[in-house]
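Close look at the chain arrangement
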Amino acid sequence: MGLEVFFYAISRTFTGVRRACASRRAERPCSPLIAQANSTGKRGKESNEMADKKMVEAITSMDEDFAQWYTDVVKKAELIDYTSVKGCMAFKPAGYAIWELIQQQLDLRFKETGVQNVYLPMFIPESLLQKEKDHVEGFAPEVAWVTYGGGQKLQERMCVRPTSETLFCDYYKSVVHSYRDLPQVCNQWCSVVRWEKETRPFLRSREFLWQEGHTAHASEQEAEERTIQMLNVYADFVEQVLAIPVIKGRKTEKEKFAGATATYTIEALMHDGKALQSGTSHNFGDGFAKAFGIQYTAKDNTLQYVHQTSWGLSTRLIGAIIMVHGDNSGLKLPPKAAPVQVMIIPIQQQKDGVLEAASKLEAEIKRAGIRVKTDTTDKSPGWKFSEQEMRGIPLRIEIGPKDIEAGRCVACRRDNGEKLTFSLEEAASKLPELLEQIHNDMYEAARRHRDEHTYTAATMEEFEKCFTEKSGFVKAMWCGDQACEDLIKEKLAVTSRCMPFEEERISDTCVCCGKPAKKMVYWGKAY
């Protein structure tokens, strides 16, 4: 069956269902407060069945092929598109709007801690990059080099920034002279280029958007405090705005950032049981300062090296939203990260008073501080419902002639499909509370999924069984020897995700070699 015929059939069927259900709804008593509608109601049941049927046609089931499901959602929700530049993506309006909300809300949190925004060049001279040996070795395979400019070969090639530590060191060397110039707490919103061999929308591309914070401090203690402070900012943001639970911890020496003395991370578990590193914060100690000669005159008139930090978070968080909350109907956006939080869908909008009532309701909801739109296109209600589900809009409000006559509207939650009835007079005032409840329920569902897919292993046999028969995090003890990490990765394609701040004592011996254990580690397969 052709798509046009298919959708036409849905529209005709849906129209019949809606007419029958409109009469039924008119008989329901109107509650002045939010009340759950009858979950077995014909209107909700049949429209959901039709939406599900359409989504099955449009999106691969995540249980059938998770990677293809992810690609289908990204494309069909119109978040991103491929370009003629290999490995680089085009952010479409719906996708970039999510990043804008992340940027705006995270930037406010940064500034509350004293962060100032700056912008540094995107080109780094090779001689500058070479100053920190461990750093350059870590990024060398991913660097893109510029060798010509204005038709002439450059005297010194320049890389397109893969990260900006070296540029900030060069900057701080010129602005820091005295203890009075410290601390320096800067951040820049920009793009970076890393020549990835395999790319995937939002998760891994050759150019991606992010923020990178860089600070300089007078003491090791101040630097460590800032490193942990920014990790906590990330964790709170991801949980309180994106409704994604995270594990906070320290990376092992093998997994830490090139050139750092310590790397801290927040790790999230995706629906397929793989981990996603969702934000990192690094303590550089005085290593970069010594390599670049960043010194200041202390209060006792001695020359001292600064201690530095760096912390970053990128658009891969959009990938996390998709893979933590999404389902076979498409996106599920947490309300605080949704460009449109409420979509009003007029029913029988050609009838007198329907569009006017929808417009009035939209204005009232906007005044309540909610991002709301009304879909006045000539598509059928069934199509609009499916489109709203596909795009992950947290709440749909239906309003038609019978609703207006009864002084109410019907709302449907994207996260769980629950239908609710509102008095039109009180709808706008009730929505903020409902959206907060949606956020909390989405967070709880994600936390429950993570906890149900987190296992413990005391022996290598148990450890291997977890990763061959299940998917998720595995908590196991580790001796601290990188050889065990390497063996586990080689044998099972599993990496250490972090040594959590909240340690547990699962056993006394390393899960790999049997030697005395030093740390409990979260292990997992990762993106």
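Whatever comes next refers back to the structure up there.
First things first, this report covers the structure right here in the doc. (Residues numbered from 1 in each chain as written. Predicted model: local features only at pLDDT ≥ 70, side-chain atom pairs only at ≥ 80, totals over all residues. Heavy atoms only, no water.)

Section: the environment of Trp210
With respect to the element layout, Trp210 can be found in strand 9 (residues 207–217). Classification of Trp210 by relative accessible area gives buried; the value is 10%. Along the chain, Trp210 and Trp99 lie 111 residues apart, while their C-alpha atoms are 9.4 Å from each other. Look past the residues within four positions of Trp210 in its chain and what remains in contact with it is Trp99, Pro162, Thr163, Gln188, Trp189, Cys190, Val192, Arg194, Leu313 and Ser314. Here Glu212 takes part through its side chain, which lies 3.5 Å from a polar atom of the side chain of Trp210. (Helix = DSSP H or I, 4+ residues; strand = E, 2+ residues; numbered from the N terminus. Buried < 20%, exposed > 50% of the residue type's maximum accessible area, 1.4 Å probe, protein only. Contact = heavy atoms within 4.5 Å. Polar contact = N/O pair within 3.5 Å; in protein donor to acceptor, adjacent residues only side chain to side chain.)

Looking at helix 10 (residues 316–325)
Among the ten residues that make up helix 10, ten are buried, leaving the element largely enclosed by the rest of the structure. If you check which residues of helix 10 are buried, you get Arg316, Leu317, Ile318, Gly319, Ala320, Ile321, Ile322, Met323, Val324 and His325.

Focus on the packing of aromatic side chains
Within this structure, the stated rule accounts for 16 aromatic pairs. Arranged with centres 5.5 Å apart and planes meeting at 75°, the rings of Phe91 and Phe202 form a pair that is edge-to-face. In this pair, Phe91 sits in strand 3 (residues 89–91) while Phe202 sits in the loop between strand 8 (184–193) and strand 9, placing the two residues 111 residues apart along the sequence. For Phe91, a relative accessible area of 26% translates into the label partly exposed. Ring pairing ties together the aromatic residues Trp99, Phe110, Trp189, Tyr234 and Trp311, which thus form one cluster. The residue whose ring lies beneath Arg396 is Phe385, and the NZ or CZ to ring-centre distance is 3.8 Å. (Phe/Tyr/Trp six-rings, centres within 6.5 Å; stacked < 30°, edge-to-face > 60°. Lys NZ or Arg CZ within 6 Å of the ring centre and 35° of its normal.)

Regarding the sheet that holds strand 7 (residues 152–160)
With antiparallel pairing, the three strands of this open sheet are ordered in space as 5-7-6. The sheet terminates laterally at strand 5 (123–125) and strand 6 (144–149), the two strands that pair on one side only. Across the sheet, the axes of successive neighbouring strands diverge by a mean angle of 45°, strand direction being ignored. Relative to strand 7, strand 6 is paired through five bridges, and the arrangement is antiparallel. Bridge assignment links Val146 to a residue of strand 7, and that residue is Met158. (Pairing = 2+ DSSP bridges. Axes fitted to C-alpha atoms, helices over the stretch in contact; angles between N-to-C directions.)

Considerations on the sheet that holds strand 23 (residues 495–500)
Strand pairing in a sheet takes place through backbone hydrogen bonds and is either antiparallel or parallel in direction. A sheet is described by the order of its strands in space; here eleven strands give the open sequence 4-8-9-15-12-11-10-23-24-22-21, paired in mixed fashion. Strand pairing shows two members of the sheet lacking a second neighbour, strand 4 (116–117) and strand 21 (454–456), which therefore form its edges. Where strand 9 and strand 15 (residues 307–314) come together, eight bridges link them in antiparallel fashion. Within strand 15, the residue paired with Gln211 across the bridge is Leu313. Packed onto the sheet, helix 7 (residues 165–175) meets strand 8, strand 9, strand 12 (275–285) and strand 15 and runs at close to 150° relative to strand 8.

Notes on the side chain of Thr227
By secondary structure assignment, the location of Thr227 is in helix 8 (residues 220–240). At a separation of 2.7 Å, a polar atom in the side chain of Thr227 contacts the main-chain carbonyl oxygen of Ala223. Each residue touching Thr227, except ones within four places of it in the same chain, is listed here: Tyr264, Ser281, His282, Asn283 and Thr309.

With respect to the pairing of strand 8
For strand 8, the tally of buried residues reaches ten of ten residues, placing the bulk of the element in the interior. Sheet topology places strand 4 next to strand 8; two bridges connect them, and they run parallel. Considered in strand 8, the bridge of Gln116 is made with Cys186. Both strand 8 and strand 9 contribute to a ladder of ten bridges, which runs antiparallel. From the neighbouring strand, Ser191 faces strand 9, where its bridge partner is Leu209.

Comments concerning the environment of Ile370
Structurally, Ile370 is set in the loop between helix 11 (354–367) and strand 17 (372–374). For Ile370 and Val340, which are 30 residues apart along the polypeptide, the C-alpha to C-alpha distance reads 8.4 Å. Excluding its chain neighbours within four sequence positions, the residues that come into contact with Ile370 are Gln341, Val342, Ile365, Leu431, Pro432 and Leu435.

Examining a nonpolar patch on the surface
On the surface, a nonpolar cluster with roughly 310 Å² of combined accessible area is contributed by Tyr119, Met122 and Phe123. Mapping Met122 onto the fold places it in the loop between strand 4 and strand 5. (Patch = residues over 30% accessible without salt bridge, like charges linked within 9 Å, V, L, I, M, F, W, Y side chains within 5 Å. Areas by Shrake-Rupley, 256 points an atom, 1.4 Å probe, with all protein chains shown as cover. Salt bridge = Lys/Arg side-chain N within 4 Å of Asp/Glu carboxyl O.)

Looking at the packing of helix 15 (residues 460–469) against helix 16 (residues 482–492)
Orientation of helix 15 relative to helix 16, taken along the N-to-C sense of each, is 40°, at an axis distance of 12 Å. By the angle between their axes, helix 15 is oblique relative to helix 16. Crossing handedness for the pair helix 15 and helix 16: right-handed. Touching Met460, Phe463, Glu464 and Phe467 of helix 15 are Ile488, Lys491 and Leu492, all from helix 16. For the contact of helix 15 with helix 16, the per-class residue count stands at five nonpolar, no polar and two charged. (Parallel < 35°, antiparallel > 145°, perpendicular 65-115°, else oblique. Left-handed = near helix turned anticlockwise from the far one by under 90°. Nonpolar A, V, L, I, M, F, W, Y, C, P; charged D, E, K, R; others polar.)

A closer look at the nonpolar core
The biggest cluster of nonpolar side chains holds 54 residues, and the ones touching the most others in it are Trp69, Ile102, Phe110, Leu242 and Ile322. If we skip the residues at most four places from it in the chain, Trp69 touches Ile59, Thr60, Ser61, Met62, Ile322, Met323, Gly326, Asp327, Asn328 and Gly330. Grouped together as the second largest cluster of nonpolar side chains are 26 residues, Leu120, Leu167, Cys186 and Ile294 included. (Core = buried A, V, L, I, M, F, W, Y, C linked by side-chain atoms within 4.5 Å.)

Digging into the pattern of salt bridges
The final tally for this structure, using the stated rule, is 27 salt bridges. The network of salt bridges with shared partners includes Arg413, Asp415, Glu418 and Asp441.

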